[in-house]
Amino acid sequence: MLNNIFNFTISNTIDYVPEQIIDFFSKKYVSGPSLSDAVKTTIDLNSKGMMSTIDVLGEFVQNEDQTIFFRNECIKVLETIKEESLNANLSLKPTQMGLAINKALCYENIRKIVRRAKELDNFVRIDMENSPYTTDTLKMYKLLREEFPGHVGTVLQAYLRRTIDDIDKLSDKNLNIRLCKGIYVESYKIAYKNPELINENYIYCLEKLFDNKAYVGIATHDEKLIFHAMKLIRKYNLQPNEYEFQMLLGIGDELRDFILSKKHRLRIYVPYGKEWLSYVRRRLKENPNIIKTALGLKL
Ligand SMILES: Cc1cc2nc3c(=O)[nH]c(=O)nc-3n(C[C@H](O)[C@H](O)[C@H](O)COP(=O)(O)OP(=O)(O)OC[C@H]3O[C@@H](n4cnc5c(N)ncnc54)[C@H](O)[C@@H]3O)c2cc1C
């Protein structure tokens, strides 16, 4: 009871907690302020048998120059991955590339990055943000996979009621999808709110994706979903190079070990950059228990 009140209070007030306090928790979820930090983290993950996807923190960019800065930084990530022979790819956010200000600019920015990924034989994952951007993100993905097949993928969110239909619409060509629950606050009209229903839809969508021969990044730290995913992998007799598990940096060390011990491939999402505040706030809202543990509270 006390625990629920604590979690509810933290989730609803975290946006007002000063940056200096949130910074204390950023070390858990973010590799550091610069690309060299993400490289160090990736070298460590690679040495332990894991892959990474590097993310330059920054979103909802409001001017063109900034989108160019992020585009160049993403290209630098791809070039560094090649130079350092890392087992890693790139994740980026559409609003970091300008989706909230100019769709054509955003598309051109992402296109240049994916083109560079193709030249370097790498891969770009377009993250999925909140629902006003879903349709445009999927449209960009469809165009880019035509031009650069095998070098681009996107994300679908199991909490959205539309996701099962999106899978049908996207399945006319090779599909590369990260499937996650979804992190943004969405209305009842478009999103499932009941956690059990979100899980049920996750499994439903995952099976549909496997049925349609998609490559799936199974992105979750939910042990129940991982259990069901492993069952489906057996049912569809998938080989380890036909899917991967994905987790966020700083979450679920024991689950990581379990997944690796079963010889599945695992990719860790490694964010870096100075614009860590929104990302870390989202992580803390998602799991207020982190704050409780840090404060040494036993509720
Ligand atoms: C690789 C990756 C990429 C993602 N990309 C996107 C994206 O593009 N768009 C999007 O909307 N969402 C994205 N997400 C976030 C995702 O939608 C969920 O919000 C997040 O993964 C938590 O859901 P869960 O499946 O782990 O289940 P939950 O039920 O939320 O968590 C299961 C368990 O994991 C642990 N856990 C979960 N969150 C935390 C945390 N913050 N701190 C500590 N422990 C925690 C807890 O033990 C919890 O009980 C991504 C997630 C991953 C793993």
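Overview of the structure. Just so we're clear, the structure is a prediction, and the values are computed from it rather than from any experiment.

**Section: the sheet that holds strand β4 (residues 152–157)**
Hydrogen bonds along the backbone pair up the strands of a sheet, which may run parallel or antiparallel. If you walk around this closed barrel you meet the 8 strands as β1-β2-β3-β4-β5-β6-β7-β8, and the pairing is parallel. Neighbour to neighbour, the strand axes of the sheet diverge by 30° on average, direction disregarded. In terms of strand pairing, strand β1 (residues 51–56) meets strand β8 (residues 266–272) through 6 bridges, oriented parallel. The residue of β8 that forms the bridge with Asp-55 is Pro-271.

**Focus: the pairing of strand β5 (residues 176–180)**
Among the 5 residues that make up β5, 5 are buried, leaving the element largely enclosed by the rest of the structure. The two faces of β5 match: Asn-176, Arg-178 and Cys-180 on one face and Ile-177 and Leu-179 on the other face are all buried. As for the winding sense of the linkage, the β-α-β connection from β4 through helix α7 (residues 163–170) to β5 is right-handed. Looking at chain direction, β5 and strand β6 (residues 215–219) are connected through 4 bridges and run parallel. Counted as the bridge partner of Asn-176 is Tyr-215 from β6. Between the parallel elements β5 and β6, the chain passes through helix α8 (residues 195–211) in a crossover that is right-handed.

**Some remarks on the layout of surface pockets**
If a probe as big as a water molecule is rolled over the atoms, it shows which places are left empty. Size it by volume and the largest pocket reaches roughly 1,600 Å³. Residue lining of the largest pocket: 49 residues in total, with Lys-181, Gly-182, Ile-183, Arg-283 and Glu-286 positioned closest to the centre. Contributing elements (two or more residues each) for the lining of the largest pocket: α2 (19–29), β4, β5, α8, β7 (243–248), β8 and α11 (277–286). Here the lining of the largest pocket gets 8 residues from one element, more than from any other, and that element is α11. Looking at which domains feed residues into the lining of the largest pocket, each of domain 1 (1–29 + 278–299) and domain 2 (31–275) supplies at least three. Roughly 490 Å³ of internal volume is contained in the second largest pocket. Considering the residues around the second largest pocket, the lining is formed by 25 residues, among which Asn-174, Leu-175, Asn-176, Ala-214 and Tyr-215 are closest to the centre.

**Some points on the pattern of salt bridges**
In total, this model carries 18 salt bridges according to the counting rule given. Ionic pairing is found between Lys-76 and Glu-73, a salt bridge with its closest N-O pair at 3.8 Å. With Lys-76 and Glu-73 both in helix α4 (residues 64–83) and 3 residues apart, the pair spans about one turn of that helix. Exposure remark for Lys-76: the relative accessible area of 42% places this residue in the partly exposed category. A residue is classified by how much of its surface remains accessible, and Glu-73, at 12% relative accessible area, is buried. With a closest N to O distance of 2.6 Å, Lys-173 and Glu-146 form a salt bridge. Taken together, the positions of Lys-173 in the loop between α7 and β5 and Glu-146 in helix α6 (residues 134–147) put the pair 27 residues apart, joining distant regions of the chain.

Cut-offs applied
Residues numbered from 1 in each chain as written. Predicted model: local features only at pLDDT ≥ 70, side-chain atom pairs only at ≥ 80, totals over all residues. Heavy atoms only, no water. Pairing = 2+ DSSP bridges. Helix = DSSP H or I, 4+ residues; strand = E, 2+ residues; numbered from the N terminus. Axes fitted to C-alpha atoms, helices over the stretch in contact; angles between N-to-C directions. Buried < 20%, exposed > 50% of the residue type's maximum accessible area, 1.4 Å probe, protein only. Right-handed = clockwise from strand over helix to strand, strands pointing away. 1 Å grid on protein atoms, 1.4 Å probe; cavity = no way out; pocket = protein on both sides within 12 Å on 5 of 7 lines; lining within 4 Å. Points joined across faces, edges and corners; volume = space filled by probe spheres on them. Domains from an automatic or database assignment. Salt bridge = Lys/Arg side-chain N within 4 Å of Asp/Glu carboxyl O.

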